[in-house]
2 protein chains.
Amino acid sequence: MAHEPAATLLARVGNDAMAELCAKHPDRFPGFAAALSLHDVDGAVAEARRAVRGLGARGVQIYTNVAGIPLDDPRFGPVFAVAAEHDLPIWLHPARTSAMADYAGESRSRYEMWWCFGWPYETSVAMTRLVFCGLFDRHPGLKIITHHCGGMIPYYDGRIGAGMAFLGSRDKDEDYSKVLPSLKRPHLDYFRDFYGDTAMFGGRAGLKAGLDFFGVDHVIFATDAPLAPIVESIAAVRELGLPPAAAEQVFSGNAKRLLKL
Amino acid sequence: MAHEPAATLLARVGNDAMAELCAKHPDRFPGFAAALSLHDVDGAVAEARRAVRGLGARGVQIYTNVAGIPLDDPRFGPVFAVAAEHDLPIWLHPARTSAMADYAGESRSRYEMWWCFGWPYETSVAMTRLVFCGLFDRHPGLKIITHHCGGMIPYYDGRIGAGMAFLGSRDKDEDYSKVLPSLKRPHLDYFRDFYGDTAMFGGRAGLKAGLDFFGVDHVIFATDAPLAPIVESIAAVRELGLPPAAAEQVFSGNAKRLLKL
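Residues numbered from 1 in each chain as written. Chains lettered and ligands numbered in written order. Predicted model: local features only at pLDDT ≥ 70, side-chain atom pairs only at ≥ 80, totals over all residues. Heavy atoms only, no water.

(A) Examining the environment of Asn65 of chain B more closely. If you trace the backbone, Asn65 of chain B turns up in strand 3 (residues 65–66). Spatially, the C-alpha atom of Asn65 of chain B lies 20 Å from that of Asp224 of chain B, the residues being 159 residues apart in sequence. Beyond its immediate stretch of four places on either side in the chain, Asn65 of chain B contacts Tyr103 of chain A together with Ala95 and Glu122 of chain B. (Helix = DSSP H or I, 4+ residues; strand = E, 2+ residues; numbered from the N terminus. Contact = heavy atoms within 4.5 Å.)

Right, here's the structure in full:
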């Protein structure tokens, strides 16, 4: 314990507090996602096991990069394996700061573009890297809930589908010729294995496109509160005009199924 | 002439060739967009005038950044002014290479993310910067046609609308408190002043969201051929199920109006 990295300790303290909160107010908090520190993969795996088995966590949350390292780095494999082992979802939250500049002539991302569009961009790239590294072939049925309804994937399914079919033709620095043939299914299929949440700041047309892409059983209600308005987020889902059973799936049914509540 | 920057000369040569092509095959090429080099703003303005008045160009094409400098830099003001003066459209094409890395731990953008999602990301940021600098207040009615149906804006209208209403609250490095109050209209309104093209690699749900956002009079047919399939791009518009008059607007009417054909 003395040599445990601080971040792993902090994750454990946080998860203990979440479990306490859920125990105290089960009517408001039916479950929680465990925090993990991927700086310490062994510690993260142990903490995931402890949180799920010992504290009743209903999944784990990770970030789209770990100190600048992408999630397809083999070192993170055990984290996905432990989620698959417990058949519980991974919440994938974007992580980017203004340190990622938008223009070569600027030293940082200005006008808050880093979160507004940078987060969905980073989510899209992380999803693609996870698909291309064969994650869903190694763990069929792995459940990953993507924030902001799947980043840019639903809007740009054509670019990732038909566009990426020519992967390697635009980039000569690396040989990508084996990436798509290494996958068991057409690459666009895997993107529908992800789940998208409804945290869209109340946006309507995007939510509809996200639902069209992922399907009604792969969209999970979420608000992003307190950053985004709860009432508007609910209204946006209602205004999709879904049949009652489908609306119930999005609002709670899918979450109950995934979280095994 | 002897001291004219090479890029301005190249633009002129290119535009002459385009005019020649249009003159030779008017049934196939009813007009062209003039190339400009924004490295040389005075030269670009002069070339825009020459191309429009002398060669019959129906607008100009510019890129989302100029050697890493964003388009809201005041130095580029005259280029937008000359387009407004002629009331002809600006085609805004994304410009980004693998040199823009996706992760702090990588030196370049891998797996062609730089074009697949990087181009729409860069388009979104460029649109935002142009709105925030008051471009549409200085030039009401300015016509800018954005590639790939407006980047991420239609899918994330909630993030830019309700989300950016708190501009400045997430970033303490710069004072953004005067940006939104400096605009004459609510900031999201300006994003609907742009036009979106239909170059979506045949994607359906995104195109629908783009049409919902921009409106039928602000969506212009385009294919991205030869990179993207023409037949699929046509089918995607047809499958929107628009009334015939609206479909005609998207396929040709809006272009004829904007280009004054």
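Now that the structure is up, let's keep going.
(B) View of the side chain of Thr64 of chain A. For Thr64 of chain A, the location among the structural elements is in the loop between strand 2 (60–63) and strand 3 (65–66). A distance of 2.9 Å separates the side chain of Thr64 of chain A from the backbone nitrogen of Ala95 of chain A, its partner in a polar contact. At a separation of 2.8 Å, a polar atom in the side chain of Thr64 of chain A contacts the side chain of Glu122 of chain A. The residues contacting Thr64 of chain A, other than those within four sequence positions of it, are Leu71, Leu92, His93, Pro94, Ala95, Glu122, Thr123 and Ala126 of chain A together with Tyr103 of chain B. (Polar contact = N/O pair within 3.5 Å; in protein donor to acceptor, adjacent residues only side chain to side chain.)

(C) Representation of the relation of the copies chain B and chain A in the model. Mapping chain B onto chain A calls for a screw motion: a turn of 180° about the axis and a shift of 0.0 Å along it, with 0.0 Å RMSD after fitting. These values place the two chain copies in the arrangement generated by a two-fold rotation axis. A symmetric contact is evident, with 100% of the interface residues of chain B recurring at the interface of chain A. (Least-squares fit on C-alpha atoms with pLDDT ≥ 70 in both.)

(D) Inspection of the interface of chain B and chain A at higher detail. At the junction of the two partners, chain B supplies 73 residues and chain A supplies 73 residues. Counting the surface lost from both chain B and chain A, the interface buries some 6,300 Å², and carbon and sulfur atoms represent 60% of this. Where chain B touches chain A, the interface holds 12 salt bridges. Note that Asp173 of chain B and Arg108 of chain A form a salt bridge whose closest N and O atoms lie 3.1 Å from each other. Remark: the boundary between chain B and chain A carries 36 residue pairs in polar contact (both at pLDDT 80 or more). Secondary-structure elements contributing two or more residues to the side of chain B that touches chain A are strand 4 (69–70), helix 4 (113–116), helix 5 (118–132), helix 7 (157–163) and helix 9 (205–214) of chain B. Here the side of chain B that touches chain A takes 11 residues from helix 5 of chain B, the largest share from any one element. The residue makeup of the side of chain B that touches chain A, split by class, is 36 nonpolar, 19 polar and 18 charged. (Buried area = accessible area lost by both parts, 1.4 Å probe. Salt bridge = Lys/Arg side-chain N within 4 Å of Asp/Glu carboxyl O. Nonpolar A, V, L, I, M, F, W, Y, C, P; charged D, E, K, R; others polar.)

(E) Fine view of the state of the cysteines. If you walk through the whole model with that rule in mind, you get zero disulfides over all chains. Here Cys116 of chain B stays free of any disulfide, with the sulfur of Cys149 of chain B as its closest cysteine sulfur at 16 Å. (Disulfide = S-S within 2.5 Å.)

(F) Representation of the sheet that holds strand 1 (residues 34–35) of chain A. Residue and element names in this part refer to chain A. Judged by pairing direction, the sheet is parallel, and its six strands sit side by side in the order 1-2-5-6-7-8 without closing on themselves. Taken across any chain shown, the strands that pair with only one partner, and hence form the sheet edges, are strand 1 and strand 8 (219–220). In this structure, strand 6 (residues 144–146) lies alongside strand 7 (residues 195–197), joined through two bridges in parallel fashion. The residue of strand 7 that forms the bridge with Thr146 is Gly196. (Pairing = 2+ DSSP bridges.)

(G) Just the side chain of His187 of chain A, in detail. All names here are of chain A. Mapped onto the elements, His187 comes out in helix 8 (residues 187–191). On the basis of relative accessible area, His187 is assigned to the buried category, the value being 9%. Within the local environment of His187, its side chain forms a polar contact with the backbone oxygen of Gly161, the two atoms lying 3.0 Å apart. Ignoring any residue separated from it by four or fewer positions in sequence, one finds His187 in contact with Val131, Phe132, Ile160, Gly161, Met164, Ala165 and Leu180. (Buried < 20%, exposed > 50% of the residue type's maximum accessible area, 1.4 Å probe, protein only.)

(H) The pairing of strand 5 (residues 90–93) of chain A, seen in detail. Residue and element names in this part refer to chain A. As defined by bridge partners, strand 2 adjoins strand 5 across four bridges and the pair is classed as parallel. Pairing of Val60 across the sheet is with Ile90, part of strand 5. Direction of pairing for strand 5 relative to strand 6: parallel, over a ladder of three bridges. Counterpart to Leu92 in the pairing with strand 6 is Thr146.

(I) Geometry of the pairing of strand 2 of chain A. Residues and elements named next belong to chain A. Covered by surrounding structure in strand 2 are Val60 and Ile62 only, the residues Gln61 and Tyr63 on the alternate face being uncovered. In this sheet, strand 2 lies alongside strand 1 in parallel orientation, the contact comprising two bridges. Counterpart to Ala34 in the pairing with strand 2 is Val60. Handedness of the strand 1-helix 2 (residues 41–55)-strand 2 crossover: right-handed. (Right-handed = clockwise from strand over helix to strand, strands pointing away.)

By themselves, these are just geometric observations and shouldn't be taken as functional.
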